[in-house]
Amino acid sequence: MNSISVNPAVRKSNSAIWQAQHPVWALGFRPFYLLAAAFAALSLPLWIAHYLGWLNRWPQVNVAWHMHEMVFGMAIAVIIGFLYTAGRNWTGLATPSKRHLALLAGCWLIGRLAMLLAVPTWAAVLDLAFLPLAAWPLYRVLQQSGNMRNMFLIVLLGLLSLANAVFHAGVLGLIVLAPATTVHAAILLIVIMESVIGARVIPMFTQNGVPGVLAIVHPWLNRSAVAALLLASLAWVAAAPAPLLALLCAGAACIVMARLALWQPHRTLGAPIVWILQISYAWIPVGFFLLALAALDLIPASAAWHALTVGSMAGLILGMMTRTTLGHTGRPLKTGCLELALYLLIQTAALARVAASLLTPALYQASLVLAMFCWCAAFLLFLFAYTPYLLSVRVDGREG
């Protein structure tokens, strides 16, 4: 049955959205999921309009802006929203809420507007402020609780902040470095984050969501997969010799695929809320196989990067946004036709965007536009169905 029809009625709040007591400011996932989904649905058409030559007089909207905003805008918002929500569960301590959370969301939004409207210097200052300000309270709750197991996330957020600073330094001409280099490094950092967190939760979600399925987990294989991804990522950023780079990327892909196979993804097809995580995770080894081919100049590298961003990153984002929204608003973890549609749409977008990089120039534009429409439809469907949940109090009366 469709989760939209079986969930309890939305419970309205007596507070206005600009007041700190409004439910949207209760926990990090609420404002950041809304902002990220809306931004995803609006920013990609803006970039495609520029690509088609309709926005030539808006110099900020260019390929560097597109790459930056998909990673440091949309993806980072979801990561922070997820980590604030998970961090409270991990530690039992409060993560930003109410006015603090509203100020952080406003800081993120100012960064997005600055990247669109401000001169590069001010855009850099306003955009760079968000990640350190957002990471600090997460560091504090992990430190106070002694939760060293998840402290690596602070390191990754710090590296993402550094990558963002290097990106802006390149744009401002302070260093000689192509913007794509730092964005690719940031994508690889997020892939490593996905790999670690995914290995923790996807097997558990699979066993809980699909009766009779045993997702096998080998700690040594998990460590090997992360090490292989890290080594291949470092080799790519360092521009290692092509044969070595191809070998490392292909090796990482094989290890990650072997780990995924033990989670029995083929047995999750009847549970969309589970298979969206499995199939999105599968784009990680696909992306690294494509990176291996790109290192040997057999295919364009953009095919690999879009496999990792649209296929893996956006697929996991939508899978986790639907799951955590349902769970943390007190609703059953059940999906219906609408969720199935948005899952299929984002996977179609991934296939179309990767195909666009591999097809003949005559088919490139059509495939690109198809990918854009599927991407936008997926995030708009999420907003249509889940905005009432994110703006209302939990149906079970609990805090969050």
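The shown structure was predicted, so the numbers you read here are calculated from the model rather than taken from an experiment.

## Points about the nonpolar core
Item 1. Core analysis: the biggest nonpolar cluster contains 144 residues, and F32, L157, F288, W375 and F379 have the highest contact counts within it.
Item 2. With 17 residues, helix α3 (residues 63-91) is the single largest residue contributor to this core.
Item 3. Among the domains, domain 1 (19-177) and domain 2 (195-392) are the pair contributing at least three residues each to this core.
Item 4. F379 has contacts with A37, A40, A41, I317, L318, M321 and I346, leaving out every residue within four places of it along the chain.

## Examining the side chain of Q278
Item 1. Summarising the element assignment, Q278 is placed in helix α11 (residues 272-295).
Item 2. Apart from residues lying up to four places away in sequence, Q278 is in contact with I202, T206, L260, W263, Q264, P265 and T268.

## Let's talk about empty space enclosed by the protein
Item 1. A complete count under the given rule lists three cavities of 30 Å³ or more for this structure.
Item 2. Volume-wise, the largest cavity comes out at about 300 Å³.
Item 3. If you go around the largest cavity, you meet 17 residues; those closest to its centre are F82, E194, I197, L316 and M320.
Item 4. Put simply, the parts of the chain that give the lining of the largest cavity at least two residues each are α3, α8 (179-209) and α12 (301-328).
Item 5. The biggest single contributor to the lining of the largest cavity is α8, with seven residues.
Item 6. Residue classes in the lining of the largest cavity are distributed as 15 nonpolar, one polar and one charged.
Item 7. Looking at which domains feed residues into the lining of the largest cavity, each of domain 1 (19-177) and domain 2 (195-392) gives three or more.

## What to know about the packing of aromatic side chains
Item 1. Following the criterion strictly, the structure yields 12 aromatic pairs and no others.
Item 2. Ring centres of W263 and Y281 lie 5.1 Å apart, and the angle between their planes is 50 degrees; this geometry places the pair in the tilted category. On the criterion of sequence distance, the pair formed by W263 in the loop between α10 (242-261) and α11 and Y281 in helix α11 is long-range, its members being 18 residues apart.
Item 3. Among the residues examined, W263 registers a relative accessible area of 0% and is labelled buried.

## Comments concerning unusual backbone geometry
Item 1. The residue K98 is not glycine, and still its phi comes out positive at about 50 degrees.
Item 2. Note on placement: K98 falls in helix α4 (residues 98-117).
Item 3. K98 sits in the partly exposed class, given a relative accessible area of 46%.

## Overview of a nonpolar patch on the surface
Item 1. Together, L172, L174, I175 and L177 give the surface a local cluster of nonpolar side chains, amounting to about 340 Å² of exposed area.
Item 2. Secondary-structure assignment places L177 in the loop between α7 (152-171) and α8.
Item 3. Residue L177 is classed as partly exposed on the basis of its relative accessible area, which comes to 34%.

Cut-off values and rules
Residues numbered from 1 in each chain as written. Predicted model: local features only at pLDDT ≥ 70, side-chain atom pairs only at ≥ 80, totals over all residues. Heavy atoms only, no water. Core = buried A, V, L, I, M, F, W, Y, C linked by side-chain atoms within 4.5 Å. Buried < 20%, exposed > 50% of the residue type's maximum accessible area, 1.4 Å probe, protein only. Helix = DSSP H or I, 4+ residues; strand = E, 2+ residues; numbered from the N terminus. Domains from an automatic or database assignment. Contact = heavy atoms within 4.5 Å. 1 Å grid on protein atoms, 1.4 Å probe; cavity = no way out; pocket = protein on both sides within 12 Å on 5 of 7 lines; lining within 4 Å. Points joined across faces, edges and corners; volume = space filled by probe spheres on them. Nonpolar A, V, L, I, M, F, W, Y, C, P; charged D, E, K, R; others polar. Phe/Tyr/Trp six-rings, centres within 6.5 Å; stacked < 30°, edge-to-face > 60°. Patch = residues over 30% accessible without salt bridge, like charges linked within 9 Å, V, L, I, M, F, W, Y side chains within 5 Å. Areas by Shrake-Rupley, 256 points an atom, 1.4 Å probe, with all protein chains shown as cover. Salt bridge = Lys/Arg side-chain N within 4 Å of Asp/Glu carboxyl O.

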